[in-house]
Amino acid sequence: MQRKGGRRGKAGGQDAETVEEVLDELYTTSPAAFVARREERAAAARTAGRKEDARRIHAARRPTLAAWAANLLARARPEETRRFLELGQALRQAHRTLDPAGLKELSAQRRRIVAALSRQAAQLAGEAGHRLSQAAQREVESTLRAVLADPEAADAWAQGRLEVSLTPPSAFPSGTAATEPSRAAPEPEPAPRAKSTRTTPRTRAKDELAERRRKRQEELARAEREADRAERHLRDARAEQADAQESLRAADDELAHVRETVAAAEERLRAAHEDRDRVEQNRREAEERDRTAAHTVAEAEREARASTRKVVRLGGRAGSWDSSD
């Protein structure tokens, strides 16, 4: 299915991936590697000048293990996914039309298929290196039941980008009550006699008991809804915490790498300073030898000139002696 959003651009002679393709890849990446891969992809988009794509990629939240397994299932089993979505449509239609026979048959299929697909999700997760706990597998089953009951949940699961598990609405039939055969409407009771219209203490007690039970049921329903909301909030908070912890670990790893790089650079700088000191010392020694050699040369030149003058003088005297003879 073609999704909207993202752009294609030339990068190294090849079409760059759209942001939708990058998000699809991220949500099938294992949760442990999600944050590092997300930051790598966002950085690549920023480098390519695609700031909006980089923002969308960076905004992606790491899925819980159960949500990731459900995403894997939707992408790795497209034919089973299609049939499961069709079953959900049929169940919702049967519920709207109150077709007891249809509900009975479809509810039986629902139980079998939810169990089978949750096992497939656990198998896929195991093959990818992540074993699902019983709690995580129950969350996968909860997501699948929500997909059957809620069209919005079905659309979200079909996208393959769930961040947390889904919870089915409490109003959807569980498959037990709806499987009972429809009963004919009860025959109207004969009109009571005048004396039976009087409210007796026993009748009042029954009415009060029924009212208390009704109130307890309402309170229980409210408590269950609040518990569901609290559980979803807790899952979201835990997923956000896990994401933050993963970001912190990635930052720590990067900081350690930078510190190693700095330490290596400082070591190279120290060695360079030692080399500089050694070369400067060699140069000072060479200058000293040059000065000594220059002094020696000057002395030798003076001695040579003196010797030459002496030779000249002696040569002149020898000539005068020869003339006098």
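The structure presented is a predicted model; accordingly, all values stated were derived computationally and were not measured. (Residues numbered from 1 in each chain as written. Predicted model: local features only at pLDDT ≥ 70, side-chain atom pairs only at ≥ 80, totals over all residues. Heavy atoms only, no water.)

Within the protein chain one finds nine helices and two strands. Counting helices and strands in the order they occur from the N terminus, the protein chain gives β-β-α-α-α-α-α-α-α-α-α. The buried share of the protein chain, reckoned over its 325 residues, is 25%. Split by element, the accessible area of the protein chain, about 22,500 Å² in all, is 53% carbon and sulfur. (Helix = DSSP H or I, 4+ residues; strand = E, 2+ residues; numbered from the N terminus. Buried < 20%, exposed > 50% of the residue type's maximum accessible area, 1.4 Å probe, protein only. Areas by Shrake-Rupley, 256 points an atom, 1.4 Å probe, with all protein chains shown as cover.)

Okay, the packing of helix 1 (residues 19-26) against helix 3 (residues 51-59) next. For the pair helix 1 and helix 3, the least separation of the axes is 10 Å and the interaxial angle reads 20°. In terms of axis orientation, helix 1 runs roughly parallel to helix 3. Of the two elements, helix 1 crosses helix 3, and the hand of that crossing is right-handed. On helix 3, the residues that touch Val19, Glu20, Val22, Leu23 and Leu26 of helix 1 are Asp53, Arg56 and Ile57. In the contact of helix 1 with helix 3, the residues fall into five nonpolar, no polar and three charged. (Axes fitted to C-alpha atoms, helices over the stretch in contact; angles between N-to-C directions. Parallel < 35°, antiparallel > 145°, perpendicular 65-115°, else oblique. Left-handed = near helix turned anticlockwise from the far one by under 90°. Contact = heavy atoms within 4.5 Å. Nonpolar A, V, L, I, M, F, W, Y, C, P; charged D, E, K, R; others polar.)

For the rest of this paragraph, the subject is helix 4 (residues 65-76). For helix 4, with 12 residues, the first-to-last C-alpha span of 16 Å sits near the 16 Å given by 1.5 Å per residue. Most of helix 4 is tucked away, with nine of its 12 residues classed as buried. Listed as buried for helix 4 are Ala66, Ala67, Trp68, Ala69, Ala70, Asn71, Leu72, Leu73 and Ala74. (Expected span 1.5 Å × (residues − 1).)

Let us look at the packing of aromatic side chains. Here the structure, examined in full by the defined rule, presents two aromatic pairs. Ring centres 5.8 Å apart and planes at 80° place the aromatic pair Phe84 and Trp157 in the edge-to-face group. Placement of Phe84 in helix 5 (residues 78-97) and of Trp157 in helix 8 (residues 151-159) is noted, with a sequence separation of 73 residues between them. Classification of Phe84 by relative accessible area gives buried; the value is 1%. Judged by relative accessible area, which is 0%, Trp157 ranks as buried. (Phe/Tyr/Trp six-rings, centres within 6.5 Å; stacked < 30°, edge-to-face > 60°.)

All right, on to the side chain of Ser142 then. Residue position: Ser142 is located in helix 7 (residues 134-149). You can call Ser142 buried: its relative accessible area is 13%.

On to the confidence of the model for the protein chain. Here the protein chain averages 78 in pLDDT, while 75% of its residues score no lower than 70. Confidence drops under a pLDDT of 50 for residues 1-15, and excluding neighbours within four residues, the segment shows 29 contacts in the predicted structure. Contacts from residues 173-197, a stretch scored under 50 in pLDDT, to residues over four places away or in other chains number 13 contacts. (pLDDT = per-residue confidence, 0-100.)

This part covers helix 5. The end-to-end C-alpha distance of helix 5, which contains 20 residues, comes to 29 Å, matching closely the 28 Å that a straight helix rising 1.5 Å per residue would cover. Turning to helix 5, its buried residues number three or more, namely Thr81, Phe84, Leu87, Gly88, Leu91, Arg92 and Ala94. Projected down its long axis, helix 5 shows its buried positions confined to an angular sector of 160°, all on one face. Among the exposed residues of helix 5, those oriented more than 90 degrees off its buried face are Pro78 and Arg96. (Arc of directions from axis to C-beta.)

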